[in-house]
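Examination of the molecular architecture
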Amino acid sequence: GGGAAAEPKVGLGVVVVKGETVLLGRRRSSIGASTFAVPGGHLEFGESFEDCAEREVKEETGLDIEKIEFLTATNTVFLDEPRPAHYVTIFVRAVLANPQQEAQNLEPEKCDGWSWYSWNELPKPLFRPLETLVESGFCPFK
Ligand code: 8DG
Ligand code: MG
Ligand code: MG
């Protein structure tokens with residue numbers, strides 16, 4: 001796998017914040033299988049970060065988000081995967097448009113389910129881009 005034609009891709013992760021907690025799900029997809037990640041996916045051609053964040057969170061969890069803000073970007077090379085990959089991940093933060101709304105697992109073939117975790121008690125292992133974000137000392141609460 002991997003071949004000379006492989007290029008870095010742009011992923012986008014959404015740190016959805018509710019009170020002191022963030023939304024994470026365990027991945028079933030090939031890259032980072034069984035690691036905990038925030039909802040997200042590929043930035044599509046012509047899409048803004050905000051539109052991508054809204055779309056991916058809606059597709060994967062059914063949740064409506066607002067107050068979408070850019071946080072930071074990470075650079076991750078996945079060499080130990082079945083198919084090597086390189087992602088620049090744009091991380092944004094958002095809050096629920098309606099805090100009563102519950103997360104649904106709308107892509108069960110890609111995720112084991114969504115739960116809320118305190119930033120101080122994150123589950124392990126984290127998906128590499130998220131681990132990088134956490135290790136950089138970044139805190140989405142302010
Ligand atoms: P899409 O086809 O809906 O765009 O993608 P997806 O089906 O949602 O796939 P995904 O694996 O969730 O996201 C696509 C890629 O984005 C993934 O293989 C790696 C990259 N990615 C990061 N960081 C993050 C992250 O924090 N969360 C998610 N979900 N994907 C991320 O680089
Ligand atoms: Mg996804
Ligand atoms: Mg998706």
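Residues numbered from 1 in each chain as written. Chains lettered and ligands numbered in written order. Predicted model: local features only at pLDDT ≥ 70, side-chain atom pairs only at ≥ 80, totals over all residues. Heavy atoms only, no water.

Regarding the coordination of the magnesium ion (ligand 2)
Within the protein, Gly40 (O) and Glu60 (OE) serve as the donor atoms for the magnesium ion (ligand 2), at 2.1 to 2.2 Å. A gap of 3.3 Å separates the magnesium ion (ligand 2) and the magnesium ion (ligand 3), which glutamate 60 links by coordinating each metal. Remark: glutamate 60 occurs in helix H1 (residues 49-61) and glycine 40 occurs in strand S4 (residues 40-42); sequence separation between them is 20 residues. (Donors = N, O, S within 2.8 Å, 3.2 Å for Na, K, Ca; no water. Helix = DSSP H or I, 4+ residues; strand = E, 2+ residues; numbered from the N terminus.)

Quick notes on the pairing of strand S5 (residues 65-78)
Relative to strand S6 (residues 85-96), S5 runs antiparallel, the two sharing eleven bridges. Paired with glutamate 69 across the strands is arginine 93, a residue of S6. Taking the residues that link successive antiparallel strands as the turn, the S5-S6 hairpin has six residues. (Pairing = 2+ DSSP bridges.)

Some remarks on the nonpolar core
Within soluble globular proteins, side chains that are nonpolar generally end up buried alongside one another. Core analysis: the largest hydrophobic core is formed by 16 residues, its most contacted members being Leu12, Val14, Val16, Ala53, Ile65 and Val92. Where this core is concerned, the elements lending two or more residues are strand S1 (9-18), H1, S5, S6 and strand S7 (111-118). The element best represented in this core is S6, accounting for four residues. Sequence-distant contacts of valine 92, that is, excluding residues within four places in its chain, are made with Leu12, Gly13, Val14, Val15, Phe49, Ala53, Ile68, Glu69, Phe70 and Leu71. Residues Val22, Leu24, Leu71 and Leu130 belong to the second largest nonpolar core, which totals 14 residues. (Core = buried A, V, L, I, M, F, W, Y, C linked by side-chain atoms within 4.5 Å. Buried < 20%, exposed > 50% of the residue type's maximum accessible area, 1.4 Å probe, protein only. Contact = heavy atoms within 4.5 Å.)

Observations regarding the site of ligand 1
In the region of ligand 1, 17 residues are neighbours, and Arg27, His42, Glu60, Thr89 and Lys110 sit closest. Note that an oxygen atom of ligand 1 is positioned 2.7 Å from one of the side-chain N or O atoms of arginine 27. Measuring from an oxygen atom of ligand 1, one finds a side-chain N or O atom of threonine 89 at 2.5 Å. Surface burial for ligand 1 is 87%, taken as the share of its 600 Å² of free accessible area covered by protein chains. Listing elements by their share of the shell around ligand 1, those giving two or more residues are S1, S4, H1 and S6. Of the residues contributing to the shell around ligand 1, the split by class is seven nonpolar, six polar and four charged. (Near = heavy atom within 4 Å. Polar contact = N/O pair within 3.5 Å; in protein donor to acceptor, adjacent residues only side chain to side chain. Areas by Shrake-Rupley, 256 points an atom, 1.4 Å probe, with all protein chains shown as cover. Nonpolar A, V, L, I, M, F, W, Y, C, P; charged D, E, K, R; others polar.)

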